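Working through the structure, step by step
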Protein chains: 2
Amino acid sequence: MLDFMNIAVEEARKGALLGHGGPFGACVVKDGKLISVAHNNVLKTNDPTLHAEMLAISEAARKLGRFDLSDCELYTSCEPCPMCLGAIYWARISKVYYAADRDDAAKAGFDDKKFYEDMGRGKCPEGVQMVQVDKKKALAAFQAWLEKPDRTVY
Amino acid sequence: MLDFMNIAVEEARKGALLGHGGPFGACVVKDGKLISVAHNNVLKTNDPTLHAEMLAISEAARKLGRFDLSDCELYTSCEPCPMCLGAIYWARISKVYYAADRDDAAKAGFDDKKFYEDMGRGKCPEGVQMVQVDKKKALAAFQAWLEKPDRTVY
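Below or above, wherever it landed, is the structure these notes cover. (Residues numbered from 1 in each chain as written. Chains lettered and ligands numbered in written order. Predicted model: local features only at pLDDT ≥ 70, side-chain atom pairs only at ≥ 80, totals over all residues. Heavy atoms only, no water.)

**Points about the relation of the copies chain B and chain A**
Placing chain B over chain A gives an RMSD of 0.0 Å and needs a rotation angle of 180 degrees, together with 0.0 Å of translation along the axis. Taken together, the rotation and translation describe the operation of a two-fold axis. Taking the C-alpha atom as reference, chain B places B:Met83 closest to the rotation axis, 1.9 Å from it. Of the interface residues in chain B, 100% have counterparts in chain A that sit at the interface too, so the contact is made through matching surfaces. (Least-squares fit on C-alpha atoms with pLDDT ≥ 70 in both. Contact = heavy atoms within 4.5 Å.)

See the structure below:
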């Protein structure tokens, strides 16, 4: 079997050396076959959402033509941040292998651990405010969704 | 001032009726001006990462040419899920206005609340396993990053 973690880590190294983003790489695997591989692209694109895991999941889902990746596994060079873990949950990925963890990421200057702590306390990081407004207005859009006879649940 | 929440909710309704995804819309605003607006595209693209907030943040960052959106606000028709909240943290967005919340989303059939609960307990949803392997291998990639003299911190 291919050493998928090695592929993820080498991709991390490659992306960082190219200056595309931080040293993070990931790949999606199905039935022992590589479906997608990606590295962090935050710096190259200026898009803060383009972590390695997000890109690998997006590409795998598009290739397989479905948003449910429950028959897939993800290999990532570092423990997924809350954003990427959320994507893993939505994609229903069944197994995640990670190498470095949030403590290692913190030592390398990344905020994953801090964000987990903030989120776990149900508190935003300093400088972020969350305000609820106009709840009733949004409920009408939900009602329209629930009344749509051909809606797909995901 | 424009009613930005109204823009987000109308976008939610539009996207759902078009069958592009669930009833979720969002927009990014800077200095009272609309920078980006998006609706959920999960069903249209089969990409589970394309929530409204992710798309609005991506587009705003690319338009402004920077990953730091700390001078921006986000309006979203529903409380962000953990994935989107992670993206908000990484983008350093300073203020988030949301209308419906995770309880309303649960009533409409979405798993946001469950994912928050799982993540808060530091536990994966049923059917998801997380396994740490090969930590040392990944640390070498981090070390290469820390030794890169021209690295950009984000």
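After that view of the structure, there is still more to cover.
**What about the side chain of A:Asn40?**
By the secondary structure assignment, A:Asn40 is in the loop between strand 2 (33-39) and helix 2 (42-45). In terms of polar contacts, A:Asn40 uses its side chain to reach the backbone amide nitrogen of A:Val42, at 2.9 Å. Once you skip the residues sitting within four places of it in the chain, A:Asn40 turns out to touch A:His20, A:Gly21, A:Gly22, A:Phe24, A:Leu50, A:His51, A:Ala52 and B:Tyr154. (Helix = DSSP H or I, 4+ residues; strand = E, 2+ residues; numbered from the N terminus. Polar contact = N/O pair within 3.5 Å; in protein donor to acceptor, adjacent residues only side chain to side chain.)

**Brief notes about helix 4 (residues 82-91) of chain B**
Residue and element names in this part refer to chain B. Among the 10 residues of helix 4, 10 are classified as buried, and the element is accordingly described as predominantly covered. Of all the positions in helix 4, only Pro 82, Met 83, Cys 84, Leu 85, Gly 86, Ala 87, Ile 88, Tyr 89, Trp 90 and Ala 91 are classed as buried. Note on helix 4: the residue one or two positions beyond its end, Arg 92, has a positive phi of about 60 degrees. (Buried < 20%, exposed > 50% of the residue type's maximum accessible area, 1.4 Å probe, protein only.)

**Points about the nonpolar core**
One recurring pattern in soluble globular proteins: nonpolar side chains tend to sit buried together. Ranked by internal contacts, the top residues of the largest apolar core, which has 107 residues, are A:Leu74, A:Met83, A:Ile88, B:Leu74, B:Met83 and B:Ile88. Each residue touching A:Ile88, except ones within four places of it in the same chain, is listed here: A:Ile57, A:Leu74, A:Pro80, A:Ile93, A:Val96 and B:Val128. (Core = buried A, V, L, I, M, F, W, Y, C linked by side-chain atoms within 4.5 Å.)

**Some points on the environment of B:Asn46**
By the secondary structure assignment, B:Asn46 is in the loop between helix 2 (42-45) and helix 3 (52-64). Under the relative-accessibility criterion, B:Asn46 is labelled partly exposed at 22%. Separated by 35 residues in the primary sequence, B:Asn46 and B:Cys81 have C-alpha atoms spaced 18 Å apart. Dropping the residues within four chain positions of it, B:Asn46 is found in contact with A:Ala61, A:Gly65, A:Arg66, A:Phe67 and B:Asn41. There is a polar contact of 3.0 Å between the side chain of B:Asn46 and the backbone oxygen of A:Gly65.

**A look at the packing of helix 7 (residues 135-146) of chain A against helix 1 (residues 4-17) of chain B**
With their axes 9 Å apart at the nearest point, helix 7 of chain A and helix 1 of chain B run at an angle of 0 degrees to one another. The orientation of helix 7 of chain A relative to helix 1 of chain B falls into the category roughly parallel. Packed against helix 7 of chain A, whose contacting residues are A:Lys137, A:Ala138, A:Ala140, A:Ala141 and A:Trp145, the element helix 1 of chain B presents B:Asn6, B:Val9, B:Ala12, B:Arg13 and B:Ala16 at the interface. Of the residues in the contact of helix 7 of chain A with helix 1 of chain B, the class split is seven nonpolar, one polar and two charged. (Axes fitted to C-alpha atoms, helices over the stretch in contact; angles between N-to-C directions. Parallel < 35°, antiparallel > 145°, perpendicular 65-115°, else oblique. Nonpolar A, V, L, I, M, F, W, Y, C, P; charged D, E, K, R; others polar.)

**Things to note about the sheet that holds strand 4 (residues 95-100) of chain B**
Adjacent strands of a sheet pair through backbone hydrogen bonds, lying either parallel or antiparallel. The sheet built from five strands is open, its strands ordered 5(A)-4(B)-3(B)-1(B)-2(B) with mixed pairing. Only two strands of the sheet have a single neighbouring strand rather than two, namely strand 5 (129-132) of chain A together with strand 2 (33-39) of chain B. Adjacent strand axes in the sheet meet at a mean angle of 20 degrees when their direction is disregarded. Note: strand 3 (residues 72-78) of chain B against strand 4 of chain B, five bridges, orientation parallel. Across the sheet, the residue bridging to B:Tyr75 is B:Tyr97, located in strand 4 of chain B. The strands touched by helix 7 of chain A are strand 5 of chain A together with strand 3 and strand 4 of chain B; relative to strand 4 of chain B, the strand with the most contacts, the crossing angle is about 55 degrees. (Pairing = 2+ DSSP bridges.)

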